[in-house]
Amino acid sequence: MNFFYLIKNFFFPGSCVLCDVSLTESKEIHYGLCEKCHSDINYINENKCNICGKPLISEIETCLQCRNKENLKEEKSNIDRLWTFFPYMGKYRKLLTEYKFKKNLILANLFAELITEVIKNEPLFENIEIVPVPPRPGKIKNLGWDQVDFLVKKLKKQSNFTVNRCLKRKKSKIQKQLNRAERMENLKGRIFIKGKAPKTALIIDDVITTGSTMEVIAQVLKQAGTKKVYGLSLFYD
């Protein structure tokens, strides 16, 4: 597949996924972005809530909403810390749309590079095992790919990270129209361990909205013996 895309890009370089200008330099073709748009992609991991991954305004480490949940004992997260990259809006929303729905696979190079930078520079990730969010049953067979699965394969190939595919997923209702509580209930018993759970896990997903999927996975992992569960999502909504 990589050879095919190299040949394709050599003869038909294509255009920037954000501004549609023609790509000419090898670096531009590698990312699917022109130099200007690539330089305008801002990834700032500081000043984000450790629990929900959303930007902090004046708080430190944890946003007010997540602190209130913990104080009221409404919900104690099984995720020890969460990292996110981009808001799911504007040009960043277009990035995910191009990758996830239009299957612009070259964008995985950008995402993989960002994830690699975080993993290699975060002391908490020593001896980490990457646990991808499992796709819906039959998705890869029917569509030929899954956006998270493809990204994790690229991470393993480029940086030789340890990947643990210990999770399986049963069929459930589509999550899109459900709220957080309904999503949690919908996934209850639908994600399970099939294999050996890692001691320290990094769950990787493409976008986090209510956080229910990642929370259910973290709960399943900890029940199976995982001591620390971290989460990383490319986009937050």
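For the structure, see preceding data.
Computed from a predicted model, the values in this text were never measured in an experiment. Here the residue numbering is sequential within each chain, running from 1 through the sequence in written order. Only residues with pLDDT of at least 70 are given local features in this predicted model, and only at 80 or more are side-chain atom pairs given and counted; all residues enter the totals for whole chains, interfaces and linings. With hydrogens and water stripped out, all remaining heavy atoms of the structure feed into the side-chain values.

Q: I'm lost on the pattern of salt bridges in this one. Help?
A: Opposite charge on two side chains lets them pair, provided their charged atoms get close. Here, a salt bridge means any side-chain nitrogen of Lys or Arg that lies within 4 Å of a carboxyl oxygen of Asp or Glu. For the coordinates displayed, the defined rule picks out 8 salt bridges. A salt bridge links Lys102 to Glu98; the nearest nitrogen and oxygen atoms lie 3.5 Å apart. Exposed residues in this analysis have more than 50% of their type's maximum accessible area, buried residues have under 20%, and partly exposed residues fall in between, with area computed by a 1.4 Å probe over protein chains only. Judged by relative accessible area, which is 56%, Lys102 ranks as exposed. For Glu98, a relative accessible area of 12% puts it in the buried group. As a salt-bridge pair, Lys153 and Asp149 come within 3.3 Å of each other at their nearest N and O atoms. Placement of the pair is Lys153 and Asp149 together in helix H8 (residues 147-159), with a separation of 4 residues, close to one helical turn. Assessed through its relative accessible area of 12%, Asp149 is described here as buried. What you see here is one network of salt bridges that share partners, running through Asp80, Lys222 and Lys228. Numbering of helices and strands starts at the N terminus; helices are DSSP runs of H or I of at least 4 residues and strands are runs of E of at least 2.

Q: I keep staring at the pairing of strand S5 (residues 200-208) and nothing clicks. Help me out?
A: The side chains of a regular strand alternate, residue by residue, between the two faces of the sheet. Burial analysis of S5 places 9 of its 9 residues in the buried class, the great majority of the element. The pairing of strand S2 (residues 129-132) with S5 spans 4 bridges and is parallel. Within S5, the residue paired with Ile130 across the bridge is Leu202. Note: S5 against strand S6 (residues 228-236), 8 bridges, orientation parallel. From the neighbouring strand, Leu202 faces S6, where its bridge partner is Tyr230. Once the chain exits S5 it traverses helix H10 (residues 212-223) before rejoining the sheet at S6, and the crossover so formed is right-handed. Two strands pair if DSSP finds at least two bridges between them. By definition, the crossover connecting two strands over a helix is right-handed if that path, from the first strand to the second, turns clockwise as seen with the strands pointing away from the viewer.

Q: Before we go on, may I ask you to explain the sheet that holds S6 in this structure?
A: Two modes of strand pairing occur in sheets, parallel and antiparallel, and in both the strands are linked by backbone hydrogen bonds. Across the sheet, which stays open at both edges, the 4 strands sit in the order S1-S6-S5-S2 with parallel pairing between neighbours. Looking at which strands have only one partner, the edges of the open sheet turn out to be strand S1 (81-87) and S2. Within the sheet, the average angular offset between the axes of one strand and its neighbour, ignoring direction, is 20°. The pairing of S1 with S6 spans 6 bridges and is classified as parallel. Residue pairing for S6: Arg81 is matched across the bridge by Tyr230. By definition in these notes, contact holds between two residues if any of their heavy atoms fall within 4.5 Å. For helices, the axis comes from a line fit to the C-alpha atoms of the stretch in contact; other axes are also lines fit to C-alpha atoms, and the angle between any two N-to-C directions lies between 0 and 180 degrees. In the packing of helix H6 (residues 108-121) onto the sheet, contacts are made with S1, S2, S5 and S6, and the angle to S1 comes to roughly 145°. Running at roughly 165° to S5, H10 makes contact with S1, S5 and S6 of the sheet.

Q: Explain the nonpolar core here, please?
A: What is meant by a nonpolar core is a set of buried Ala, Val, Leu, Ile, Met, Phe, Trp, Tyr and Cys residues, joined one to another through side-chain atoms within 4.5 Å. Counting 46 residues, the largest nonpolar core has Leu33, Leu95, Phe111, Ile115 and Phe235 as the members making the most contacts within it. Elements with a contribution of two residues or more to this core: helix H2 (26-31), S1, helix H5 (90-101), H6, H8, S5 and S6. Here this core takes 8 residues from H6, the largest share from any one element. For Leu33, the residues in contact, after removing those within four places along its chain, are Cys16, Val17, Leu18, Leu23, Glu28, His38, Ile41, Leu95, Leu107 and Leu110. Val131, Val133, Leu187 and Ile191 belong to the second-largest nonpolar core, a separate cluster that totals 19 residues.

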